[in-house]
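Single-letter residue listing:
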Amino acid sequence: MTDSKYFTTTKKGEIFELKAELNSDKKEKKKEAVKKVIASMTVGKDVSALFPDVVNCMQTDNLELKKLVYLYLMNYAKSQPDMAIMAVNTFVKDCEDPNPLIRALAVRTMGCIRVDKITEYLCEPLRKCLKDEDPYVRKTAAVCVAKLHDINAQLVEDQGFLDTLKDLISDSNPMVVANAVAALSEIAESHPSSNLLDLNPQSINKLLTALNECTEWGQIFILDCLANYMPKDDREAQSICERVTPRLSHANSAVVLSAVKVLMKFMEMLSKDLDYYGTLLKKLAPPLVTLLSAEPELQYVALRNINLIVQKRPEILKHEMKVFFVKYNDPIYVKLEKLDIMIRLASQANIAQVLAELKEYATEVDVDFVRKAVRAIGRCAIKVEQSAERCVSTLLDLIQTKVNYVVQEAIVVIKDIFRKYPNKYESVIATLCENLDSLDEPEARAAMIWIVGEYAERIDNADELLESFLEGFHDESTQVQLQLLTAIVKLFLKKPTETQELVQQVLSLATQDSDNPDLRDRGYIYWRLLSTDPVAAKEVVLAEKPLISEETDLIEPTLLDELICYIGTLASVYHKPPSAFVEGGRGVVHKSLPPRTASSESTESPETAPAGAPSGDQPDVIPAQGDLLGDLLNLDLGPPVSGPPLAASSVQMGAVDLLGGGLDSLIGDTNFGAPPAAVTTAATPARLGAPISSGLSDLFDLTSGVGTLSGSYVAPKAVWLPAIKAKGLEISGTFTRQVGSISMDLQLTNKALQVMTDFAIQFNRNSFGLAPAAPLQVHAPLSPNQTVELSLPLNTVGSVMKMEPLNNLQVAVKNNIDVFYFSTLYPLHVLFVEDGKMDRQMFLATWKDIPNENEAQFQIRDCPLNTEAASNKLQSSNIFTVAKRSVEGQDMLYQSLKLTNGIWVLAELRIQPGNPSMTLSLKCRAPEVSQHVYQAYETILKN
């Protein structure tokens, strides 16, 4: 009888009966009872009340029963941690059982019980299992280390399990090696900075030896690990490729794709002149073709990966066009993917075949597929110039079918063909105009309007055609309205006498009757152009258009290189890097292809500067096309602007005028009669002693004198740009302020295989206008493995824009290899200026004048400094003590500081002698800086 009977019972009082059965003396009865418990647990009933009774059944020699009990334990240990400790003893005993299956079962279950209390008891048994004589136990223990690391990383490091895992890479059994690699890869992913998989030629050799003998999933782990290795030269890369190539004929598609990933990555290092390079290209095609005979879901994954491979190296599959021809029973998602690849592989040699296929597809029944097929014909015309004539006649044949959606798609692609080949196929316009009435899709209507406007001088009744569209102007989509506006303006510029009324009508519709800002703006621009300078209008609107490029949907090169490193993963199916869809970004490392060898370089080397370039000039930074930060950072690397920040005073941050001239306005309103100059001149001891006219004078027991000047606290250098994200350039740094000047102390390390030169740096606009005060001076080329330290002076006269968080700084660094972007947070105390000491009278007036809702209170814990030491420490970072008093055993320090943009911050610091916690109250007209000032206080006092 099958086990289904355990799931059919619905008796009441079941728990009580099961309890009795679990405590039965008969082994068979016990086993039956545990099976019933597992069945109840599986269907979602709560059987946690039976925990002690089930755990008692662990003491058995019966492997089946033990497995069931362990299964129960894994499920309920989390909710019953105190009870789960009862099982620890049995685990320890089972880890020394003579049967290796039981030892492995115990260690596997231990890894699945995610209870902190228990983990430390499991270290000893795990250590023994990692060194067990049976490979089955060792391979299970290796995976257990990764699970344990996820629960308590510190414990795993302290117990030395990571070193034992590294030793297992040299194990004699290939399955143990594969699991050790899998475990280390998993741990390394969650800790990208740790160099756990320290691969070298010797360990690579061991992995390649194990590759031939382990199971298919073991092979995938090893291949993925190999893909992260950087061979030292092309000889080593070729040797690895030779040993990985046999995996291409594996039956498991995941193994094949992992092998393809390794080969695609290491091919970057091989010279194209090598015979082996050509052989490798030939070997890569058959396995990819074989993947297309699998079931549709696998075909789809394979096609998405092939799409990337074809964009990177089209020569691999250039002779395999036929396998991408669509079968009648392919699902739509496979059909559309195949179409995409057909266009990418289309060339003069195979275009006749491709067009015949596409024409066939255009008569299919599936609307989406037909649309894409018609579009594909247009893309072929644009890609292969010799085929354009044939493509246009094919499209005209399709228009004659009068099938609505076919006609509309054809018109959209013919517009693109006109853009690619001007003055060549305009004879077909008459045929297009016949189909005007059948167009109901915005994109097709917009395309037709563009054609009429662009070739208005060749169409006798262009004004009538455009007027017919104008009748329902307000019902059209924005895309059509914009296109219609432009087309009528073009028509007016070509035939001004006949179309005066028409252009006035469309301009008034666009500007006065429309609430779409884009349309209104375009309408006003045209109106002003036409009314002020018709010649300029002609030059702008009828300017010669650049030809459109062949492939408009190619993936941006740097992203493509990254996606090639993720072949066979979800990223290769989404065509997005993991950081775009993995939440929280934990364990997401940006990968990139190895640098190309000199002979496989497709363009001239970046090290060779153009002959006429003057050497003294700062090099221009050109952001990579499509880079998110490319347009954000206006990378104009001229010398930094010096002089006063003229625009600073008008910059708004949120609703608060952060740069509103300090306290000038306040001083004018108070009764103290203090001169406005008090804000800008540094407070002097004589001024501090001045009598206070308000009744609050007894608050202040003043300490006179200004502290001696020493530099403010400097944080240790941190890695801002890891080498893996910057093609081998690692940048570490920190910010310093010494005697009134701010600098960025940088350490540049070259971890790549080529020399780095032509360094330049630029900051994006930021909250306080930080900008380089001089060019980045790296005097000698930076050789591989060389480190250089330099200090970049900064000023605060750059462009201002409020950042989130306030102290965020986005930086672009350029060298001869590429442009790299990173962002870092600068500590606010580097912006505290030396004349930040306010006089007492001003302090009182200002404190009272700033509204109470602008006051923020913070706790600084674990800071056992006395008042004198705290005051001196803060003064060295330009936080000045204005006054001090003691109230009920508490010392109060009243302090002021001023930021480079004129914002004053007032503080009250309460220190209780003997108590390591301090209370900080901050008042400021721009409350958004308070949090960052508090962080500065904490940093200075604790270091």
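- Going by what an unreviewed UniProt entry lists, the protein is known as AP complex subunit beta and is assigned to Mesocricetus auratus.
- If you open the UniProt record of the protein and go to Sequence similarities (unreviewed entry), you find "Belongs to the adaptor complexes large subunit family."
- The record in UniProt for the protein states the following under Subcellular location (unreviewed entry): "Endomembrane system".

1. With respect to the overall build of the protein
Then comes step 1: A count of helices and strands for the protein gives 38 helices and 13 strands.
Then comes step 2: The buried share among the 943 residues of the protein stands at 50%.
Then comes step 3: Taking contacts inside the protein between residues at least 6 apart in sequence as the whole, the part at least 24 apart equals 67%.
Then comes step 4: Carbon and sulfur atoms make up 51% of the accessible area of the protein, which amounts to about 43,900 Å² in all.

2. Some points on unusual backbone geometry
Then comes step 1: A cis geometry characterises the amide bond from Glu 804 onward to Pro 805, with omega recorded as -5°.
Then comes step 2: In this structure, Pro 805 sits in the loop between strand 6 (787–795) and strand 7 (808–814).
Then comes step 3: One non-glycine residue, Asn 878, adopts positive backbone phi at about 65°.
Then comes step 4: Position of Asn 878 relative to the elements: it lies in the loop between helix 37 (867–876) and strand 10 (880–887).
Then comes step 5: A positive phi angle is found at Glu 888, which is not glycine, with a value near 45°.
Then comes step 6: With respect to the secondary-structure elements, Glu 888 resides in the loop between strand 10 and strand 11 (890–898).

3. Focus: the pattern of salt bridges
Note that side chains of opposite charge can pair when their charged atoms are close.
Then comes step 1: Under the counting rule described, the total for this entry stands at 35 salt bridges.
Then comes step 2: The salt bridge involving Lys 545 is made with Glu 454; its shortest N-O contact spans 3.4 Å. Here Glu 454 lies in helix 26 (residues 442–454) and Lys 545 lies in the loop between helix 31 (534–541) and helix 32 (557–564), a separation of 91 residues in the sequence.
Then comes step 3: We note a salt bridge from Glu 928 to Lys 802, for which the minimum N-O separation is 3.3 Å. Highlighted residues: Glu 928 in the loop between strand 13 (918–924) and helix 38 (930–942) and Lys 802 in the loop between strand 6 and strand 7, separated in sequence by 126 residues.
Then comes step 4: Connected through salt bridges with shared partners, the residues Arg 371, Arg 375, Glu 409, Glu 441 and Glu 443 form a single ionic network.

4. Remarks on the pairing of strand 6
Then comes step 1: As defined by bridge partners, strand 3 (residues 741–750) adjoins strand 6 across eight bridges and the pair is classed as antiparallel. Residue pairing in the sheet places Leu 746 in a bridge with Leu 790 of strand 6.
Then comes step 2: In this structure, strand 5 (residues 771–772) lies alongside strand 6, joined through two bridges in antiparallel fashion. What sits directly across from Pro 772, in strand 6, is Leu 794.

5. Overview of the confidence of the model for the protein
Then comes step 1: Within the protein, residue pLDDT values average 80, and 85% of them lie at 70 or more.
Then comes step 2: In the model, residues 598–709 has pLDDT below 50 throughout and makes 158 contacts with residues more than four positions away in sequence or in other chains.

6. A closer look at the pairing of strand 8 (residues 819–825)
In the case of a regular strand, side chains alternate between the two sheet surfaces.
Then comes step 1: Counted residue by residue, strand 8 has five buried out of seven residues, so it is predominantly covered.
Then comes step 2: The pairing of strand 7 with strand 8 spans seven bridges and is classified as antiparallel. Residue Gln 810 lies in a different strand from strand 8, and its bridge partner there is Ser 823.

7. Remarks on the packing of helix 19 (residues 296–312) against helix 20 (residues 332–345)
Then comes step 1: At a closest axis distance of 10 Å, the pairing of helix 19 and helix 20 adopts a crossing angle of 20°. The angle between helix 19 and helix 20 places the two elements in the roughly parallel class. Crossing geometry of helix 19 relative to helix 20 is assigned as left-handed. Facing Pro 296, Glu 297, Gln 299, Tyr 300, Leu 303, Arg 304, Ile 306, Asn 307, Val 310 and Gln 311 of helix 19, the residues of helix 20 in contact are Tyr 333, Val 334, Glu 337, Lys 338, Asp 340, Ile 341, Arg 344 and Leu 345.
Then comes step 2: Grouping the constituent residues of the contact of helix 19 with helix 20 by class yields nine nonpolar, three polar and six charged.

8. Considerations on the nonpolar core
Then comes step 1: Tyr 72, Phe 91, Leu 126 and Phe 418 are the most contacted members of the largest nonpolar core, which has 212 residues in total.
Then comes step 2: Not counting residues within four places of it along the chain, the set of residues in contact with Leu 126 comprises Val 107, Met 110, Ala 141, Cys 144, Val 145, Leu 148 and Phe 161.
Then comes step 3: Within the second largest apolar cluster, 61 residues are counted, among which are Ala 726, Val 778, Leu 809 and Leu 941.

9. Thoughts on a negative patch on the surface
Then comes step 1: Residues Glu 464, Glu 467, Glu 471 and Glu 501 make up a contiguous surface patch of negative charge.
Then comes step 2: Of note, Glu 471 is situated in the loop between helix 27 (462–470) and helix 28 (478–494).
Then comes step 3: Since its relative accessible area comes to 70%, Glu 471 is described here as exposed.

Conventions adopted
- Residues numbered from 1 in each chain as written.
- Predicted model: local features only at pLDDT ≥ 70, side-chain atom pairs only at ≥ 80, totals over all residues.
- Heavy atoms only, no water.
- UniProt positions renumbered as here; feature names shortened; annotations may be inferred.
- Helix = DSSP H or I, 4+ residues; strand = E, 2+ residues; numbered from the N terminus.
- Buried < 20%, exposed > 50% of the residue type's maximum accessible area, 1.4 Å probe, protein only.
- Contact = heavy atoms within 4.5 Å.
- Areas by Shrake-Rupley, 256 points an atom, 1.4 Å probe, with all protein chains shown as cover.
- Salt bridge = Lys/Arg side-chain N within 4 Å of Asp/Glu carboxyl O.
- Pairing = 2+ DSSP bridges.
- pLDDT = per-residue confidence, 0-100.
- Axes fitted to C-alpha atoms, helices over the stretch in contact; angles between N-to-C directions.
- Parallel < 35°, antiparallel > 145°, perpendicular 65-115°, else oblique.
- Left-handed = near helix turned anticlockwise from the far one by under 90°.
- Nonpolar A, V, L, I, M, F, W, Y, C, P; charged D, E, K, R; others polar.
- Core = buried A, V, L, I, M, F, W, Y, C linked by side-chain atoms within 4.5 Å.
- Patch = residues over 30% accessible without salt bridge, like charges linked within 9 Å, V, L, I, M, F, W, Y side chains within 5 Å.
- Lys, Arg positive; Asp, Glu negative; His and termini not counted.
- Charge placed at Lys NZ, Arg CZ, Asp CG, Glu CD.

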